[in-house]
Amino acid sequence: MPHAFPLPSLYPEQVALEASALLEMLDLLWGRGQEALTAVPPSQLRALTVIDEREGVNLRDLGEALGSTPPSISRLCDRLEAAGLIQRSRATTNRRELEVRLSRGGRAVLASVRAARASELQAVLARMSPAQQRALFEGMSAFHRAALGHVGVNDEAPAAKGVCDIA
């Protein structure tokens, strides 16, 4: 529905503040029920997500992705392995390196967390019109491409697992 009045010019600072508020709300939505769903703390969920995205990641690269030191990553992997969420093995290319992969249990935890998060988001999206949903999708897609370029990731790659084009 077109606006009957002109929209004010948005300044990057205003957009950044609104995006920050949105991210805080997303964090709240993602966290709802997560504690009841799984006993895996957020820091471990972040690690599982990185491992899922980078199957066979070595400990050094996992540490860089998470912004953690080698001793912290080693302890984190000890906890994840003890919980049956990951498997560590020697790298085939460099026997001195360890590779980390999700176990079946780790995949199950991520799947249940992602399903709970999607359910929360779907409940919010149901309160929006189809036109608002499309505008949100287009804005998020543009932001994602810009963010990928900002962090130096190839923005030609698929945006995320499970994302498809909307006709």
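Draft legend 1. Summary view of helix α7 (residues 130-150). Given a rise of 1.5 Å per residue, 21 residues ought to cover 30 Å, and the 30 Å separating the end C-alpha atoms of α7 matches this to within 8%. Trailing α7 by a residue or two, Gly152 shows a phi angle of about 80°, which is positive.

Draft legend 2. Geometry of the packing of helix α3 (residues 42-53) against helix α4 (residues 59-66). At a closest axis distance of 10 Å, the pairing of α3 and α4 adopts a crossing angle of 125°. By the criterion of interaxial angle, the relationship of α3 to α4 is oblique. For α3 against α4, the interelement crossing comes out right-handed. Of the residues in α4, those in contact with Arg46, Ala47, Val50 and Ile51 of α3 are Leu62, Ala65 and Leu66.

Draft legend 3. Structural view of the confidence of the model for the protein. When pLDDT is averaged along the protein, the result is 83; 83% of the residues meet or exceed 70. Between the elements of the protein, mean pLDDT differs from a low of 64, seen in helix α2 (residues 34-37), to a high of 94, seen in helix α5 (residues 70-82). Of the regions scoring below 50 in pLDDT, residues 157-167 engages in 7 contacts with residues more than four places distant in sequence or in other chains.

Draft legend 4. Local environment of the pattern of salt bridges. Applying the stated criterion to the full structure yields 10 salt bridges. The salt bridge involving Arg107 is made with Asp52; its shortest N-O contact spans 3.5 Å. Of the two residues, Arg107 sits in helix α6 (residues 104-125) while Asp52 sits in helix α3, which places them 55 residues apart along the sequence. For Arg107, a relative accessible area of 38% puts it in the partly exposed group. A salt bridge links Arg60 to Asp61, with the shortest nitrogen-to-oxygen separation between them at 3.0 Å. In this structure, a network of salt bridges that share partners links the residues Asp52, Glu55, Glu99, Arg101, Arg107 and Arg114.

Draft legend 5. Highlighting the sheet that holds strand β2 (residues 86-90). What the 3 strands build is an open sheet, ordered β1-β3-β2; its pairing is antiparallel. Single-partner strands in this sheet number two, and they are β1 (57-58) and β2. As paired elements, β1 and strand β3 (residues 98-102) share 2 bridges and run antiparallel to each other. For Asn58, the partnering residue across the bridge sits in β3 and is Glu99.

Draft legend 6. A look at the side chain of Glu120. Tracing the backbone through its elements, the reader meets Glu120 in helix α6. Owing to a relative accessible area of 18%, Glu120 belongs among the buried residues under this scheme. Filtering out sequence-adjacent residues up to four positions away, Glu120 remains in contact with Leu29 and Arg32.

Parameters and conventions
- Residue positions are counted from 1 within each chain, in the order its sequence is given.
- Reporting of local features is limited, given that this is a predicted model, to residues whose pLDDT is at least 70; pairs of side-chain atoms are given and counted only at 80 or more, and all residues count toward the totals for whole chains, interfaces and linings.
- Values reported for side chains reflect all heavy atoms of the structure, with hydrogen atoms and water molecules removed beforehand.
- Where helices and strands are cited, they refer to DSSP runs of H or I of at least four residues and of E of at least two residues respectively, numbered from the N terminus.
- A helix is expected to span 1.5 Å multiplied by its residue count minus one.
- Here, axes are lines fitted to C-alpha atoms. For helices the fit covers the stretch in contact, and angles between N-to-C directions go from 0 to 180 degrees.
- Roughly parallel covers angles under 35 degrees, roughly antiparallel covers those over 145, roughly perpendicular covers 65 to 115, and oblique covers all other angles.
- Each crossing is labelled by how the near helix is turned from the far one, with a counterclockwise turn of less than a right angle marking it left-handed and a clockwise turn marking it right-handed.
- Note on contacts: a residue pair is in contact if any heavy atoms of the two residues lie within 4.5 Å.
- Values of pLDDT, ranging from 0 to 100, describe the predictor's confidence in every residue of the model.
- In what follows, salt bridge is the name for a side-chain nitrogen of Lys or Arg lying within 4 Å of a carboxyl oxygen of Asp or Glu.
- Only protein chains enter the calculation, and the probe is 1.4 Å; a residue is then buried if its accessible area is under 20% of its type maximum, exposed if over 50%, and partly exposed in between.
- Any two strands between which DSSP finds at least two bridges are classified as paired.

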